[in-house]
Amino acid sequence: MEGSQDQRPNLRPHRPRRREYRRKSSIFEEKTIDFSYPGTLVGATNHVFCMGRRFAAAFQGLERSAITRHWKSVSGKRLTPRKKGSPPRRQGPSKEDLTMSLELCTDNLPPTDSLEALEKASKRIRKICTFLQSRGNVPSNLLKRNLHYIADVLEIVATDDASTDSRKSKVHQETKNDPSKDRRFIDEDDELSEVEPDAVPMEVRDWLASTFTRSASVTKSGEKEKKTFRSIVQAVRAANLVDRLYRRMSTSAVTYPPTVMKLFKSLDDWSFDVFALNEATNGQALRYVTYEIMMRYDLLAKFKIGVGTLFNFLEALEVGYSKYQNPYHNLVHGADVTQTMHSILFQTGLVQWLTDVEIFAVVFSAAIHDFEHTGETNNFHVMSRTETALVYNDRAVQENHHISAAFRLMTDDNLNIVYNMSKDDYKDFRTLVIDMVLATDMSYHFAQVKQMKSLLSCPDNIDKAKALSLVLHTADISHPAKNWTLHEHWTELLMEEFFRQGDKEQELGLPFSPLCDRKTTMVASSQIGFIDFIVQPSFEIMSDMLDKVVAPISPRGSLANQSSATISEKVEAEGSPQNGDQSEEPFEFKVDRVWDGHLTGNKVKWKEQSTKDQAEKEAREKAAQKAKEDAEKRDQSPLDDKAEEKKDAENPPKITANGTVSPGNAVDLKVKPSTSPENDDQVSTKEEAVGTASPEHAEKRTTEEDKPGKIESITVKSVTKRKESGV
């Protein structure tokens, strides 16, 4: 009995052994299950069941961890442990992420030299486009692997004739074994040298040759060594697709409204309506114009500028331009000057003379050239002794502040658009920006024009910094050379800003600056003088400079701007050349001076307006003079009456012998009777004496005789007063 009690089956598993299994480092290590438990077969069965659950849980965890590691490898995301108290984290990637990673996986793709590779490559490109359109982004590792695979496939397509023949036989064998794979393989020997230069830029041609051709070319017998494409059409299409993919990923946050897109079609025009653009963009003309111009010159890609960083910087620029609420020097003016610089670079061909760093500096300088402008002139800051004038020692006060404040913005990493620029490029960039913006100071105008004239007279090359400084200065004062509608609007805004400065000067007790007095300034006359002495000379010297700079780099030289009609008219006027005389005088190269016509037309309209203003001014002056004279007469009449009354009081009236009343000092010959010849002689003697004594008295006497009623009225009045006084 005691032995049977010792051999009772133990139905519960041995706890230490279960803890021993938990302490094992890995479930894949070789283990020997000991069935010699102090019990029957039930205990062993229980242990086996526990081990089965352990293995199932282990395999399930292995599957999750493998998927997680795969997702980390393709997405580059780092999974951090969840903090205590934080909401539960989603276990693993989402279903959409797994679907995208599986569909874009490159592990099971066919070889790049097989026929299926072409079809797979085209499908992969379409899938990438679909994911970009639906999700907005694709993990960089997945995109990089797929694009590398597509490039390898296209490189295999661009092969020489020998490899093409071998691949043809292979494809024929594959299609023979599997008729479903039968597809037409285009046999084209499109050579890179046969592409028209105007169709594809040289930079794109070089990129195509280096990307989609083999590095080692095969020399054909009896022919020169050539780089060939199997299908240049497919290569160009692939390049365009990759470029569109890159632009979509880099500019996915920028969407133009339809009105803005319509206006940007005329962005290259000289008289671009920046006011309409500012209205269409809700007061954000500067950021839209600057961004579009930088995209057209591909500056974002060349200098690795992020779209978000650029828009942060442009937004800060707009805030600075709107700081003082100026009528003229605001963000619209900044956008107008930036667009004008682009129009000059593009329309004249000056952009071909510049490097990428110089183009970037030109656009940047135009965008910041009046940043945080206060709305007053430099002379006002100097005369009023402002803080800005003290900081910059009265020299180019506003212009120095524009540059300093703009570069100070880029000390913030979120606004630094030159972060990826090399040190040498940044040095050249900053130096050129400083020179160009300082040249917009109007006090340097005549010195700048004189210096450029001396440079044009020299045969040496023109300094780029001085040339671009002149272009920016001319663009800054270019609104008189635009169409009349734009010019008139800009003039109204500019004069209002001048008048506001005049009001401040009056409050401070300072003398009025030129054109700042609201009451005396003649707008039309001032604009005529501004065009004649400032704007037109600037455009003339800039045009001459452009002729000299652009002529050597122009593709068609002096015939670039000569129409066939002009040439034929010249030939007919000079006559046909004689036999043996085949020499022709070369045409002088001239850039298209679209601004000359606007300058002339605007000046004519201002002269008409000046004539009207002058006539109105004279009419106002005459009316004011007449009103002044009338006021003086009204003020003088009461004084005359008082003087007459005082005179009558001093000289009382006298009663004559015949009973008539006469003034005391009046000589009334008609009233006095002639009783004797002696009296007549006395009267005549008195008349002669009075006439010979003074002509004025004689004239006065004649006047008084012609108007006896006046004398009688005065006499009666005097007598009445004397009677009332009791005399």
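Counting starts from 1 at the beginning of each chain's written sequence and moves along it residue by residue. Local features in a predicted model are, by the rule used here, given only for residues with pLDDT of at least 70; side-chain atom pairs are given and counted only at 80 or more, and totals for whole chains, interfaces and linings are based on all residues. Values shown for side chains rest on all heavy atoms present in the structure; no hydrogens or waters enter the calculation.

As recorded in an unreviewed UniProt entry, the protein goes by Phosphodiesterase and comes from Branchiostoma floridae.

**Digging into the overall build of the protein**
To qualify as a helix, a DSSP run of H or I must reach at least 4 residues; to qualify as a strand, a run of E must reach at least 2; elements of each kind are numbered from the N terminus. If you tally the helices and strands in the protein, you get 29 helices and two strands. Residue burial is assigned from relative accessible area. The probe radius is 1.4 Å, only protein chains are included, and a residue is buried under 20% of its type maximum, exposed over 50%, and partly exposed in between. Sorting the 727 residues of the protein into buried and exposed places 35% on the buried side. Residue pairs at least 24 apart in sequence account for 74% of intrachain contacts in the protein once pairs closer than 6 positions are excluded. Accessible surface area values rest on a Shrake-Rupley calculation with a 1.4 Å probe, where residue burial reflects the displayed protein chains alone. Counting every atom, the protein has about 45300 Å² of accessible surface; 52% of that belongs to carbon and sulfur. In this analysis, two residues are considered to be in contact whenever any of their non-hydrogen atoms come within 4.5 Å of each other.

**Looking at the pattern of salt bridges**
The term salt bridge refers to a side-chain nitrogen of Lys or Arg lying within 4 Å of a carboxyl oxygen of Asp or Glu. Tallied over the full model, the rule gives 16 salt bridges. We note a salt bridge from Lys504 to Glu376, for which the minimum N-O separation is 2.4 Å. Here the residue Lys504 occupies a position in helix H23 (residues 484-508), and Glu376 occupies one in the loop between helix H16 (356-368) and helix H17 (378-384), the gap between them amounting to 128 residues. Classification of Glu376 as buried rests on a relative accessible area of 8%. Note that Glu496 and Arg500 form a salt bridge whose closest N and O atoms lie 3.3 Å from each other.

**Side note on the UniProt feature "binding site: AMP" (unreviewed entry) in the protein**
UniProt positions are given in the numbering used here, feature names are shortened, and annotations may be inferred rather than shown by experiment. Residues annotated by UniProt as "binding site: AMP" (unreviewed entry) correspond here to His329, Asn330, Leu331, Val332, His333, Asp370, Asp476 and Gln527. Tracing the chain through its elements places Val332 in helix H15 (residues 331-348). The residues contacting Val332, other than those within four sequence positions of it, are Val274, Phe275, Asn278 and Trp490. Along the chain, Asp476 falls in helix H22 (residues 464-476). In this structure Asp476 touches Tyr328, His333, Val337, His369, Asp370 and Thr440, once residues within four positions along its chain are discounted.

**Considering the nonpolar core**
Among buried residues, those of type Ala, Val, Leu, Ile, Met, Phe, Trp, Tyr and Cys that are joined through side-chain atoms within 4.5 Å constitute a nonpolar core. Tyr291, Phe313, Phe360, Phe429 and Met545 are the most contacted members of the largest nonpolar core, which totals 107 residues. The greatest single-element share of this core, amounting to 12 residues, is contributed by helix H24 (residues 523-550). Discounting chain neighbours no more than four positions away, the residues touching Phe429 are Val357, Phe360, Ala361, Phe364, Phe407, Val418 and Met421. Core analysis: the second largest hydrophobic core is formed by nine residues, Ile125, Tyr149, Val153 and Leu154 among them.

**Brief notes about the environment of Asp413**
For Asp413, the position within the fold is in the loop between helix H19 (397-409) and helix H20 (423-438). Classification of Asp413 as exposed rests on a relative accessible area of 58%.

**Observations concerning the packing of helix H12 (residues 285-296) against H15**
Two numbers describe how H12 lies on H15: the axes approach to 8 Å, and their chain directions differ by 20°. Our classification of the angle between H12 and H15 gives roughly parallel. By crossing handedness, the relation of H12 to H15 is classed as left-handed. Residues Ala285, Leu286, Val289, Thr290, Ile293 and Arg296 of H12 pack against Leu331, Gly334, Ala335, Thr338, Gln339 and His342 of H15. Polarity classes work like this: nonpolar for Ala, Val, Leu, Ile, Met, Phe, Trp, Tyr, Cys and Pro, charged for Asp, Glu, Lys and Arg, and polar for all others, with Gly in that last group. Broken down by class, the residue content of the contact of H12 with H15 amounts to six nonpolar, five polar and one charged. Note on definitions: angles span 0 to 180 degrees between N-to-C directions of axes, and those axes are lines fitted to C-alpha atoms, for helices only across the stretch in contact. With respect to orientation, any angle under 35 degrees is reported as roughly parallel, any angle over 145 as roughly antiparallel, any angle of 65 to 115 as roughly perpendicular, and every other angle as oblique. Note on convention: near helix rotated counterclockwise from far helix by under a right angle means a left-handed crossing. Clockwise means right-handed.

**What about the confidence of the model for the protein?**
Each residue gets a pLDDT score, which is the predictor's confidence in that residue and runs from 0 to 100. Within the protein, residue pLDDT values average 73, and 56% of them lie at 70 or more. Long-range and interchain partners of residues 556-584, a stretch whose pLDDT sits below 50, account for 17 contacts in this model, where long-range means more than four residues apart. Considering only residues more than four positions removed or in separate chains, one finds that residues 682-727, a stretch of pLDDT under 50, has 23 contacts.

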